[in-house]
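# Topology and contacts: notes
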Amino acid sequence: MCGRYWLEDDLLEISSYFGARLIDFKDFTRGEVFPTNPAPIITKNVDKILEGVDKIILIYKWGFPLQNKAVFNARAETVDKKPFFKDSFINRRCLAVANAFFEWKKEGKDKIKYKIKKESKFILFGGIYNSFKVGESIINAFTILTTSPNKEMKNLHDRMPLIIDERDIDAWLFGDLKEAYRIIDSNHNNKLSFEREEKEQLKWI
């Protein structure tokens, strides 16, 4: 799963690095990002008014709203079959931008927190987004896809976020479903580094 991640860069840095146009200038969470927090996503431009622009940055909440809960992960293996996710996967794929993510490993009676990075400046998580009517409000939200762990993550957890290689950004955002499935299957090629976070440990009861 992916339940928390880390983002320290601002929108201008993200926009410049990925060549994506800023659309939202709303406040978003810097540092440790939790489900329901607002965070930047990159997606394709579907507004013909923005001529010559292909990728845009939006600020959406992390987690699809469902019965007073936030569904912040979706399994990549079934995202094209679940009615709650299917249309978003086909039509509204996105990238959640991070510098690292966190996972916990059970060690004896403790759960030890690890910060996980790639060699590159950013980690891109494959996601989907949509808009939901909740009461009288419209909530714009995204969720992050998860998949089976690669060989590095297996010792830590039985799931991991779908990590999109920078060379596959356009294929994920603009490609057809065949391309999306190819990218999901390539998640195992990502090389990760792990840093133990001594300051935050959880006790098993």
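Use the structure listed above.
Procedures and definitions
- Residues numbered from 1 in each chain as written.
- Predicted model: local features only at pLDDT ≥ 70, side-chain atom pairs only at ≥ 80, totals over all residues.
- Heavy atoms only, no water.
- Phe/Tyr/Trp six-rings, centres within 6.5 Å; stacked < 30°, edge-to-face > 60°.
- Helix = DSSP H or I, 4+ residues; strand = E, 2+ residues; numbered from the N terminus.
- Buried < 20%, exposed > 50% of the residue type's maximum accessible area, 1.4 Å probe, protein only.
- 1 Å grid on protein atoms, 1.4 Å probe; cavity = no way out; pocket = protein on both sides within 12 Å on 5 of 7 lines; lining within 4 Å.
- Points joined across faces, edges and corners; volume = space filled by probe spheres on them.

### What about the packing of aromatic side chains?
Applying the stated criterion across every chain yields a total of 16 aromatic pairs. Ring centres of Phe64 and Phe84 lie 5.7 Å apart, and the angle between their planes is 85°; on these two criteria the pair is classed as edge-to-face. Within this pair, whereas Phe64 is found in strand E6 (residues 64-66), its partner Phe84 is found in helix H2 (residues 83-91), the two being separated by 20 residues in sequence. Accessibility expressed as a relative area gives 0% for Phe64, which makes it buried. What makes Phe84 partly exposed here is its relative accessible area of 28%. Ring centres of Phe64 and Phe85 lie 6.1 Å apart, and the angle between their planes is 40°; on these two criteria the pair is classed as tilted. Residue Phe64 is located in strand E6, and its partner Phe85 is located in helix H2; the two are separated by 21 residues in the primary sequence.

### Some remarks on the layout of surface pockets
Roughly 210 Å³ of internal volume is contained in the largest pocket. Contributing to the lining of the largest pocket are Lys118, Glu119, Ile163, Asp165, Arg167, Asp168, Arg182, Ser186, Asn187, Asn189, Asn190 and Lys191.

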